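Fold and geometry: a report
Listed below are the residues making up each chain.
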Amino acid sequence: MANSRKSRSLNREGGVAAAYERALGAILARVAVSGPALRIGIAFSGGLDSSVLLHLASRHAEAHNLALTAFHIHHGLSPNADAWMAHCAREATACGVPMLSRNVRLGDGGGRGVEEAARVARYRALGELCRETGCSLLLTAHHQDDQAETVLLQLLRGAGLPGLSGMAPFQPGHDLLGDGVALGRPLLGLRRAELEAFGSQAGLSHVTDESNADARYRRNALRQDVAPVLERHFPGFAPLVARSAGHVQSAQALLQELAEIDLAACRAADWSAPLYVPALQTLSAQRADNLLRHWLYRNRVQLPSASRLEEIRSQMLGAAGDMHPFFDFGPMTLRRIGSRLELHPRLGTPPEAPITLRWEGEAELPVPAWRGRLVLEPTDGLGISQEELRRHPLILHPRAGQERLKVAANRPSRSLKALYQEAEVAPWRRLWSPLLYLNGELVFVAGLGMDVRHAAMGDAVLLRWEPD
């Protein structure tokens, strides 16, 4: 009988370790960096799940000669936080893994409560620690029960397919982690009970966060009050919910592929380029919404609700060509400009005082106050005289009114307003299009070009304004 219990314990430990190795292998196969250059970070809170992860990861790292670092985030929310950090340091040392900690201050979580504020601060700090230590992969201890809880919470919020997809085993990038850090979840196929049994068998020490018992938090309420009822009436519900999440992930992937196809037909350059309204208008409402959602997400814009997205589609695609509807998305603004939909940062008002630029042969002159830079390209053709540029500074002015520009030798000078209208430059963009004067004469207007009356042939430069 004792041998039978021992055999079951060994099988349980071996099963968890084997599942981890399979999942980690699939993750490592998708990471851009491999071999000795790969450095892996572990999100280590000191709880049971992350303790199991650290234990398994340290064994794998030792066997495969991989660099591993544990990261502990001190939120400052619990009176036990200092003790938890000390515990994590001891456990990491016992596993032979270096540990770094980071204290964070919580923001407002986008108005969504303490849980969200802590999550945002935690992931941002983890991303910073990864970059500081050269870790290109961060592993977290999310498991199958976490996945089920996430999907159920999203379902109760009325989420769409992205929310109902739950968590992916691997993400090449994560908005909160920042650039250069992939995210892996090698325990996502394991139940919480399996990790508990493994931790007990392995003799792992862990901390218990008292806030996990606070049913005021929705995830805790779901875990304590709802999940046991579901488990009683639908045994093994968590793997079933996780399986459904996998199906939703597949459907979402197909929608993303369709969005990429439609994106290629609706814009001229890369994914950040404007969308062409006539092409969008040929799509069904569902495909247009799918494309808009995908395009906004790729440009790191917070996704709108279904009702707001419908309003955006209706107004943006239904507006007359001379109208300029817009929608604010915090730091970004979506605008219709002629036949295009464009995303732009909210810039405020440009400086009123003139700015002096002295050219000494540079390829470009940054102008941070105007959120852009002036690019100067040498030319043997028609351009601004290099000699004049060296003798006189360029003076950058905002528009005052009544200015005129002659953009072609065979055309008369015209008001900037007329030229802007002809070029379909939106009013907000005109505000941030600086005027450049040389020796008292207007020689260049951003977005419109050079005044040919002040151009020279040979030993000249072409001017071009590039916004940041």
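Details of the structure are given in the entry above.
Residues numbered from 1 in each chain as written. Predicted model: local features only at pLDDT ≥ 70, side-chain atom pairs only at ≥ 80, totals over all residues. Heavy atoms only, no water.

Moving on: the pairing of strand S18 (residues 435-438). Burial along S18 is two-sided: Leu435 and Tyr437 facing one way and Leu436 and Leu438 facing the other are all buried. By the bridge criterion, four bridges tie strand S15 (residues 394-397) to S18 in an arrangement that is antiparallel. Within the sheet, the bridge partner assigned to Leu394 lies in S18 and is Leu438. By the bridge criterion, four bridges tie S18 to strand S19 (residues 441-445) in an arrangement that is antiparallel. Opposite Leu438, over in S19, you have Glu441 as the bridge partner. (Buried < 20%, exposed > 50% of the residue type's maximum accessible area, 1.4 Å probe, protein only. Helix = DSSP H or I, 4+ residues; strand = E, 2+ residues; numbered from the N terminus. Pairing = 2+ DSSP bridges.)

Right, let's get into the pattern of salt bridges. Scanning all chains against the criterion turns up 25 salt bridges. Between Arg192 and Glu149 there is a salt bridge whose closest N-O contact spans 3.1 Å. Of this pair, Arg192 sits in helix H7 (residues 192-202) while Glu149 is found in helix H5 (residues 144-156), placing the two residues 43 residues apart along the sequence. Look at Glu149 and you get buried, because its relative accessible area is 4%. (Salt bridge = Lys/Arg side-chain N within 4 Å of Asp/Glu carboxyl O.)

Right, let's get into the sheet that holds strand S10 (residues 340-345). Read across the sheet, four strands follow the order S7-S10-S9-S8 without closing on themselves; strand pairing throughout is antiparallel. At either end of the open sheet lies a strand with only one pairing partner, and these are strand S7 (275-276) and strand S8 (326-329). Here S8 runs beside strand S9 (residues 332-337); their pairing, made up of four bridges, is antiparallel. Each bridged residue has a counterpart across the sheet, and for Phe326 the counterpart in S9 is Arg335. This element, helix H11 (residues 285-298), spans S7, S8, S9 and S10 of the sheet and lies at about 25° to S10. (Contact = heavy atoms within 4.5 Å. Axes fitted to C-alpha atoms, helices over the stretch in contact; angles between N-to-C directions.)

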